[in-house]
Amino acid sequence: GNQPEPVELQKLDWKRWLGAAPDRPFDPIRFRQWRWFWDYGGGAFTDLFVHWVDVVHWFMMSDTPRTIQAMGERYVLPEFEAPDTQNAALQYPGNFLVVYNGTLIGYREGGGLTFRGTKAMLRVHRGGYSFYPEQPQYSETPEFEKPQQKAKSSSDGTVHHLQNFLDCVKSRRTPNAPVSTGIAAARAGHLANLALRRGTTVLYPEV
């Protein structure tokens, strides 16, 4: 069925896998779902959120939030430590907010992001994008018309990133996604987790 393959313990150095984390008996859930346990990962804020907030940083040319709030809870996966459902609001210099909502309850909106502005809305995901001009007046029963512009990605961006990285190893040029891009995205995720776990508003860099 859908049961995961059993772990062959004779091939696993559990102590080495734990590294500097607290010692504990082998746990197959922690081993396979490590990102949802605080000793090894940061839940959704350092997982899916990080993959998309770097796109926001790129578009908005601002990559360091100043005020961060977050909350979350375990509703369907109590065996995890990190929430299965969470949200965060991050305020950035440059007059914009990033609002993240994520849940493992369902998959209908499993990824992507939406830019909302005064003139239009842009929905971006790994398969492409859809562009919707702002509607002429307020409505509480809006219907999404066909997007004014729409495009599908012709290939997996991972291949392009990998090729760019290999090219830069040879040329010594800076990759399209330099280390600083990853640091900024991870910082946003860690700050969201800090606000979540403290239960308070976090002001950065006053943490």
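Residues numbered from 1 in each chain as written. Predicted model: local features only at pLDDT ≥ 70, side-chain atom pairs only at ≥ 80, totals over all residues. Heavy atoms only, no water.

(A) Summary view of the overall build of the protein chain. A count of helical and extended segments in the protein chain gives five helices and eight strands. Seen in sequence order, the protein chain has helices and strands lined up from the N terminus as α-α-α-β-β-β-β-β-β-β-α-α-β. With respect to the three principal axes, the spread of C-alpha positions in the protein chain is 65 × 45 × 45 Å. Per-residue burial over the protein chain gives 29% buried out of 207 residues. A separation of at least 24 residues holds for 48% of the contacts in the protein chain among residues at least 6 apart in sequence. Total accessible area computed for the protein chain in this model is approximately 14,800 Å², and 53% of it derives from carbon and sulfur atoms. (Helix = DSSP H or I, 4+ residues; strand = E, 2+ residues; numbered from the N terminus. Buried < 20%, exposed > 50% of the residue type's maximum accessible area, 1.4 Å probe, protein only. Contact = heavy atoms within 4.5 Å. Areas by Shrake-Rupley, 256 points an atom, 1.4 Å probe, with all protein chains shown as cover.)

(B) Focus on the confidence of the model for the protein chain. Of the residues in the protein chain, 98% have a pLDDT of 70 or more, and the chain-wide mean is 91. Taking the mean pLDDT of every element in the protein chain, the minimum, 78, falls on strand 7 (residues 149–152) and the maximum, 98, on strand 1 (residues 67–73). (pLDDT = per-residue confidence, 0-100.)

(C) Broad picture of unusual backbone geometry. That bond from Tyr204 to Pro205 is cis: its omega, 15 degrees, falls within 30 degrees of zero. Of note, Pro205 is situated in the segment after strand 8 (202–203). Positive phi, close to 55 degrees, is recorded for Met61, a residue that is not glycine. For Met61, the position within the fold is in the loop between helix 3 (48–60) and strand 1. For Asn95, which is not glycine, the phi dihedral falls at a positive 65 degrees.

(D) Geometry of the packing of helix 3 against helix 5 (residues 179–198). Between helix 3 and helix 5, the least distance of the axes is 9 Å, while the angle of their chain directions is 120 degrees. Considering how the two elements wind past one another, helix 3 and helix 5 form a crossing that is right-handed. Residue-level inspection shows Phe49, Val50, Val53, Asp54 and His57 of helix 3 in contact with helix 5, the latter providing Thr181, Ala184, Ala185, Ala186, Ala188 and Gly189. Considered class by class, the residues forming the contact of helix 3 with helix 5 number seven nonpolar, three polar and one charged. (Axes fitted to C-alpha atoms, helices over the stretch in contact; angles between N-to-C directions. Left-handed = near helix turned anticlockwise from the far one by under 90°. Nonpolar A, V, L, I, M, F, W, Y, C, P; charged D, E, K, R; others polar.)

(E) Molecular detail of the sheet that holds strand 8. Strand order across the open sheet formed by four strands is 3-2-1-8, with antiparallel pairing between neighbours. Whereas interior strands pair on both sides, the edge strands pair on one side only; in this sheet they are strand 3 (96–103) and strand 8. Pairing of strand 1 with strand 2 (residues 85–92), which is carried by seven bridges, proceeds in the antiparallel orientation. Counted as the bridge partner of Met71 is Asn87 from strand 2. Along the sheet, helix 3 makes contact with strand 2 and strand 3, crossing strand 3 at roughly 160 degrees. Set on the sheet, helix 5 makes contact with strand 1, strand 2 and strand 8; between it and strand 1 the angle comes to about 60 degrees. (Pairing = 2+ DSSP bridges.)

(F) Representation of the sheet that holds strand 5 (residues 120–125). One open sheet holds the four strands; their spatial order is 4-5-6-7, and the pairing between them is antiparallel. Each edge of the open sheet is held by one strand with a lone partner, namely strand 4 (113–116) and strand 7. When strand polarity is set aside, the average angle formed by the axes of neighbouring strands in this sheet is 10 degrees. Two strands pair when backbone bridges link them, and strand 4 and strand 5 are joined in this way by four bridges, in the antiparallel orientation. The partner of Arg116 across the bridge, within strand 5, is Met121.

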